[in-house]
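Listed below are the residues making up each chain.
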Amino acid sequence: MTELRRRGGGGDPDSTENISDKEADGDDRLAFPGEGEGETEGDSKADTPDVPPSADNTPQCLNKALEGLSSRWKNWWIRGILSLTMIIGFFLIIYLGPIMLILVVMGVQIKCFHEIITIGYRVYHSYDLPWFRTLSWYFLICVNYFFYGETVADYFGALVQREEPLQFLVRYHRFISFALYLAGFCMFVLSLVKKHYRLQFYMFAWTHVTLLIVVTQSHLVIQNLFEGMIWFIVPISIVICNDIMAYLFGFFFGRTPLIKLSPKKTWEGFIGGFFATVVFSFFFAYLLSQYQYFVCPVEYNSETNRFAVECEPSNLFMIQEYTLPAVVQNAVRWKTVNLYPFQIHSIALSSFASLIGPFGGFFASGFKRAFKIKDFADTIPGHGGIMDRFDCQYLMATFVHVYIASFIRGPNPSKVLQQLLVLQPEQQLSIFNTLRNHLREKGMLPPAVEEAQ
Amino acid sequence: MTELRHRGATDKELQHQNSEDKGSETEAKERDGASDNETKADPGVPEVSVTADDTPEVLNKALSGLSSRWKNWWVRGILTLAMISFFFFIIYLGPMVLMMIVLCVQIKCFHEIIMIGYSVYHSYHLPWFRTLSWYFLLCVNYFFYGETVTDYFFTLVQREEPLRILSKYHRFISFALYLTGFCMFVLSLVKKHYRLQFYMFGWTHVTLLIVVTQSHLIIHNLFEGMIWFIVPISCVICNDIMAYMFGFFFGRTPLIKLSPKKTWEGFIGGFFSTIVFGILTTVKLYPFQIHSIALSSFASIMGPFGGFFASGFKRAFKIKDFANTIPGHGGIMDRFDCQYLMATFVNVYIASFIRGPNPSKVIQQLLALRPDQQLHIFNSLKAHLTEKGLLPALEEAA
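Residues numbered from 1 in each chain as written. Chains lettered and ligands numbered in written order. Predicted model: local features only at pLDDT ≥ 70, side-chain atom pairs only at ≥ 80, totals over all residues. Heavy atoms only, no water.

Our next topic: the UniProt feature "transmembrane region" (unreviewed entry) in chain A. Residues and elements named next belong to chain A. Residues annotated by UniProt as "transmembrane region" (unreviewed entry) correspond here to residues 76-108, 129-148, 175-193, 200-222, 228-254, 266-288 and 342-364. In the segment residues 200-222, helix accounts for 100% and strand for 0%; the C-alpha atoms at its two ends are 32 Å apart. Between the end C-alpha atoms of residues 228-254 there is a gap of 37 Å, over a span that is 89% helix and 0% strand. (UniProt positions renumbered as here; feature names shortened; annotations may be inferred. Helix = DSSP H or I, 4+ residues; strand = E, 2+ residues; numbered from the N terminus.)

Pasting the structure below:
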């Protein structure tokens, strides 16, 4: 860690350039060396062990190619190359389709969980606690099983109905998940060792909070994905854009510090990022709304056994005419404007990403300072761990999910049908009649022919 | 705490009789208290300070004549009877009062656990933290009560306009409230106290997860029928008492190092007698008897793990009881530690084996769908019902 601090501290005037097109998250990294010295005096080091620095793991090929340059430019280039690589990777995965995306989300989730748990181990020197590594992974598997089961049952309704063992698993899914969790709970209780009670309870709680944060939100991301890839792509792009824009505005115009936690963040960057992100998302949403591939809900086609993204786009993605309010009419001399309704929603999403999203970043910064670590891990050269890249995304994923549930989506039809088929016959009959009357009122069904009773 | 430990060490035989309803849990505590003396070692673990003996004056006066150990026995016995009578009394008062009681118990449990966290970390004066903990408790309760109320009071909610808006955007409002708390937490981070503040944040959330979600599962169970509330709680109480009795008379082989006073004889004896108890109390409700066997088995086999978990927790943080709310028994959490696992189990059990989906909720969802989706479902349902012969084939003409 000292080496990294020096690298940041030494090249200070230029290190701002290191973050060329990268997230302003890097500002925290810059801030950290400056803060670091202050911190070491203030904080009592008694029971806060330093996490040992992990070695520089830039791939050899990059190292060779950049041998000639001075260390600060080398750092700049590494970060830049990795950034471009990640963005290209992002587009590639989108191209590969929904199944790939789900697998990638799952991979990211497992890596984030691993990073946070490893930090916990180091902080508490609890790497050798009996059973604990096994138990953490076991709980991860249980919670994933529970969530994937709930999702799969919803979206693969037809497939599930066909296979007998799957039907059994779905019907008693909650019970099975709970039984699995209980087995882990009992294993934990049985593994309590006299001298290590407190440590074991800490790690138990650490695991559960991590599961709460990482796993539930990655599942919300997947559920958003099923609504339509646009609900996955647009929020992530907005957060990335906000990071980049806030950094650029901060770099060129930054003057007033924003929050003591991250001294490098400025109000100018914050506000500039906000406006730039709103504009970006407005146009990006316009761009994506035109393609069925992004806009249609992901559905599993049981005949072809593949995911299909074809549909009649919903009203959100059809151009509608909006009358501008009088004030604006005088200003721009247009009476109406043609927009996708989704663009209006994208304004709400981008406002959230710019105003509240950074709090997720501050939370992660505070966490890193609290446990005296520079980065969550060293997975991505020049950037840190996977968690470092995704910390702002988590709040966003939950927000998008709640937003969709509240303002966009109705209930899921196949889930409703599934529930219907499980009810008692009398209940089904009564619902059938209610529904029939409702549909007749709406004119969807021809009016009742007098049936012979 | 030293006073309580002495009391435990000297009154070994009487402890047995003291803990009729608490089962071997108590002596385990007293005994463990004594053995804990030896394992002090850890300088970094502060002891939670002793809370004074708060037996009501009234009882103290009435029992002033007796020696201290009999007095203890009587205090515990009287409080036990008081709690059981209180239990029956509130059942008599009906569901609304039960809900209120569950809410109060939950708040008190939360308070107890948070206080332990404060004492452990000396974080009582952390800026904002007490406010934030209570705020998060309010948020999570608002979220859960909103979900419950919307489900079960559907027609009432639809009538009142403000309630309807609150219910339609309920998740969004709850999330916004939670986010406010989250942002306040981030803004309250103070340079010297980062780690402490994150610990307390984690502590609060885990407590919310354990205490609040499970008290809401209890309320869900209650709405299925009071029997789903009364029988599980009685099973756990019965198991405690019976395991203690069997352990007292026949106990020989220790069960688990965490609670040295628990024995295999007590465990197995408690298991069988709880099942018998479950069968006997539901003798007129035939299909339910089968379920009561399942519930009693769980209470006897898994329930104690909740107790071991709480014992481990108390040892980890070197506390004797969660608090001193109930004289002679400890805090509310001490009484309810086995109940929590049970509440979750009953809820999962009902959801998996008993209850289907709620019909009014299904209709609610149906009416919220798009018309073409409704038509699609209508046709599927019609086909299904016709297949089952519930609809005359003449319907095809409609």
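Moving on: the side chain of Ser300(B). Residues and elements named next belong to chain B. With respect to the helices and strands, Ser-300 occurs in helix α14 (residues 286-301). Ser-300 gets classed as buried once you look at its relative accessible area, which sits at 1%. Within the structure, Ser-300 has its side chain in polar contact with the backbone oxygen of Ser-296 (distance 2.8 Å). Other than its neighbours up to four places away in sequence, Ser-300 contacts Asn-239, Phe-267, Gly-270, Phe-271 and Thr-274. (Buried < 20%, exposed > 50% of the residue type's maximum accessible area, 1.4 Å probe, protein only. Polar contact = N/O pair within 3.5 Å; in protein donor to acceptor, adjacent residues only side chain to side chain. Contact = heavy atoms within 4.5 Å.)

Time to look at the nonpolar core. Counting 156 residues, the largest nonpolar core has Phe188(A), Val189(A), Ile230(A), Trp231(A), Phe232(A) and Phe185(B) as its most contacted members. Apart from the residues within four sequence positions on either side, Phe185(B) is in contact with Phe363(A), Phe129(B), Leu132(B), Gln197(B), Phe198(B) and Phe201(B). By size, the runner-up hydrophobic cluster in this structure holds 18 residues, among which are Leu417(A), Phe432(A), Ile363(B) and Leu391(B). (Core = buried A, V, L, I, M, F, W, Y, C linked by side-chain atoms within 4.5 Å.)

Listed per partner, the contact involves 75 residues of chain A and 73 residues of chain B. Carbon and sulfur atoms supply 81% of the area buried between chain A and chain B, which totals about 7400 Å² over both sides. In terms of surface lost to chain B, no three residues of chain A exceed Arg198(A), Phe363(A) and Phe432(A), which account for 10% of the buried area on that side. In this assembly, chain A and chain B are joined by zero salt bridges. For the pair chain A and chain B, the interface holds two residue pairs in polar contact (both at pLDDT 80 or more). Listing elements by their share of the side of chain A that touches chain B, those giving two or more residues are α3 (25-42), α6 (98-124), α10 (173-190), α11 (197-227), α17 (357-370), α18 (386-408), α19 (413-422) and α20 (425-442) of chain A. A per-element tally of the side of chain A that touches chain B places α20(A) first, with 13 residues. Here the residues of the side of chain A that touches chain B sort into 52 nonpolar, eleven polar and twelve charged. (Buried area = accessible area lost by both parts, 1.4 Å probe. Salt bridge = Lys/Arg side-chain N within 4 Å of Asp/Glu carboxyl O. Nonpolar A, V, L, I, M, F, W, Y, C, P; charged D, E, K, R; others polar.)

A word on the confidence of the model for chain B. All names here are of chain B. Residues at a pLDDT of 70 or more form 76% of chain B, whose mean pLDDT is 74. Averaged over each element, pLDDT in chain B is lowest for helix α3 (residues 24-36) (33) and highest for helix α10 (residues 170-187) (89). Contacts of residues 1-52 to residues separated by more than four positions or lying in other chains number 104 contacts, the stretch itself having pLDDT below 50. When the criterion is pLDDT under 50, residues 394-398 qualifies, and its contacts beyond four places in sequence or with other chains add up to six contacts. For this predicted complex, the interface score ipTM comes out at 0.75, alongside a pTM of 0.74. (pLDDT = per-residue confidence, 0-100.)

Now for the domain arrangement of chain A. Residues and elements named next belong to chain A. What the domain assignment lists for chain A is domain 1 (58-96) and domain 2 (229-434). On the domain 2 side, the residues contacting the eleven residues of domain 1 number twelve residues. When domain 1 packs against domain 2, close to 920 Å² is buried across both sides, 75% of that on carbon and sulfur atoms. At the surface where domain 1 touches domain 2, the tally comes to zero salt bridges. Here domain 1 is connected to domain 2 by two residue pairs in polar contact (both at pLDDT 80 or more). The class makeup of the residues in the side of domain 1 that touches domain 2 is eight nonpolar, two polar and one charged. (Domains from an automatic or database assignment.)

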